[in-house]
Amino acid sequence: TYHQDDAAISNELTWTALRSIKSSQPFTEPETVVMALRIRASHQLNGRLDNLSVLATSVLDVWDGSSWTKQPTSNPAWIFADIWTGNANRRPLPKSDLDLDSLSAWANWCDANSFYYNRVLDASGTTIDRAREVASCGLANWNFTPASKIGIIRDEQGLSPRMIISPRNSSGFNFEVGALDIPQALRVQFVDAEIETETNTWENTERIVYDDGYDESNAQVFETLQAPGCTDADQAWKFGRYHLAQQRLRPERFRFTQDVQHLRYQRGDVLLIQYDTILVG
């Protein structure tokens, strides 16, 4: 409003915002991807951008048998390694602390059987929890070897038994059998983001995985199973079948005590049991 110089008038002014634009890179953090956008201002968009979707693949250190190289990968083995040694870890370990033999074998198995881990970890969490989640997506579990190296263990066929547990080398043997109510089907929940198909919804979905002898016509007992990092329906089916098999084939839990001179095996090894308590052997 225009006022004459000889008029004593005051106006109330409210300053709601001050915006400035500087044409420069917002930050210079090393090994961080920076994306620039060119946006046309219109009546539908004014100010900041609320939603932005990006299809991305992590570029991580991959062991090729002789050295570490940067490669785009979704293999759980190399994501597992990056969790322990990468920049996201507040106290990263040196790569010399990794059990490369078990990780390489696991990586080859994941590639051969189409097991991948795809998830945005945008919240804080402990290293061990993240490592367990990634290992679980590849049907494995983290392991600390006697050589003080971090690797994984997984179910493998054809392993030779390391020792026979018997009354001669153990004591205090006892066991328990879990009376589990095994479901007839699992609702495996995952994010449908399979790139190779045109039916992906990029939303939370589920695949029903039936146990042997059941299908949509006779299954009545259902349970829900989360599959974090899984974005493929076929992988979700394998994930569900694996957990159904574990509930059926591993109902027993055995306990025994041994002196240190008999501890010649490690976590993940196969043992045989020859004990009169359970009438075996």
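You'll find the structure just up there.
Okay, so let's go over this structure. (Residues numbered from 1 in each chain as written. Predicted model: local features only at pLDDT ≥ 70, side-chain atom pairs only at ≥ 80, totals over all residues. Heavy atoms only, no water.)

## Description of the packing of helix H1 (residues 76-85) against helix H2 (residues 100-113)
Angle between the axes and distance between the axes are the two parameters that describe a pair of packed helices.
So, step 1. Running from N to C, H1 and H2 point in directions that differ by 140 degrees, and their axes come no closer than 8 Å. The angle between H1 and H2 places the two elements in the oblique class. Taking contact as the criterion, the partners of Pro76, Ala77, Trp78, Phe80 and Ala81 in H1 are, on H2, Leu103, Ser104, Trp106, Ala107 and Cys110.
So, step 2. When its residues are assigned to classes, the contact of H1 with H2 shows nine nonpolar, one polar and no charged. (Axes fitted to C-alpha atoms, helices over the stretch in contact; angles between N-to-C directions. Helix = DSSP H or I, 4+ residues; strand = E, 2+ residues; numbered from the N terminus. Parallel < 35°, antiparallel > 145°, perpendicular 65-115°, else oblique. Contact = heavy atoms within 4.5 Å. Nonpolar A, V, L, I, M, F, W, Y, C, P; charged D, E, K, R; others polar.)

## Remarks on the sheet that holds strand E8 (residues 204-210)
So, step 1. Strands sit in the order E8-E7-E9 across an open sheet of three strands; the sheet is mixed. At either end of the open sheet lies a strand with only one pairing partner, and these are E8 and strand E9 (222-226). Each neighbouring strand pair of the sheet contributes to a mean axis angle of 30 degrees, computed without reference to strand direction.
So, step 2. Summarising the sheet, strand E7 (residues 185-191) and E8 pair through seven bridges and their orientation is antiparallel. When the bridges of E8 are listed, Val191 appears paired with Asn204.
So, step 3. On the sheet, helix H4 (residues 233-249) packs against E7, E8 and E9 and is oriented at approximately 50 degrees with respect to E8. (Pairing = 2+ DSSP bridges.)

## Observations concerning the nonpolar core
Inside soluble globular proteins, nonpolar side chains tend to come together where they are buried.
So, step 1. Counting residues in hydrophobic clusters, the biggest one holds 34 residues, and the most contacted among them are Phe80, Leu103, Trp106 and Val188.
So, step 2. Among the elements of the structure, strand E1 (59-63), H1, H2, helix H3 (127-137), strand E4 (150-154), E7 and H4 are those that each provide at least two residues to this core.
So, step 3. In this view, Trp106 contacts Pro76, Ala77, Phe80, Val134, Ala135, Gly138, Ala140, Ile152 and Arg154; residues no more than four positions away in its chain are not counted. (Core = buried A, V, L, I, M, F, W, Y, C linked by side-chain atoms within 4.5 Å. Buried < 20%, exposed > 50% of the residue type's maximum accessible area, 1.4 Å probe, protein only.)

## Digging into a nonpolar patch on the surface
So, step 1. A grouping of Met35, Leu37, Ile39, Leu49, Leu52 and Val54 is seen on the molecular surface, where their side chains present a nonpolar patch of about 560 Å² in accessible area.
So, step 2. Tracing the backbone through its elements, the reader meets Leu37 in the segment before E1. (Patch = residues over 30% accessible without salt bridge, like charges linked within 9 Å, V, L, I, M, F, W, Y side chains within 5 Å. Areas by Shrake-Rupley, 256 points an atom, 1.4 Å probe, with all protein chains shown as cover. Salt bridge = Lys/Arg side-chain N within 4 Å of Asp/Glu carboxyl O.)

## Some points on the pattern of salt bridges
So, step 1. If you walk through the whole model with that rule in mind, you get 12 salt bridges.
So, step 2. Between Asp61 and Lys70 there is a salt bridge, with its nearest N and O atoms 3.3 Å apart.
So, step 3. Between Arg248 and Asp211 there is a salt bridge whose closest N-O contact spans 2.2 Å. Of this pair, Arg248 sits in helix H4 while Asp211 sits in the loop between E8 and E9, placing them 37 residues apart in sequence.
So, step 4. Given a relative accessible area of 38%, Arg248 falls into the partly exposed group.
So, step 5. Beyond isolated ion pairs, a larger network of salt bridges with shared partners links Asp61, Lys70 and Lys95.

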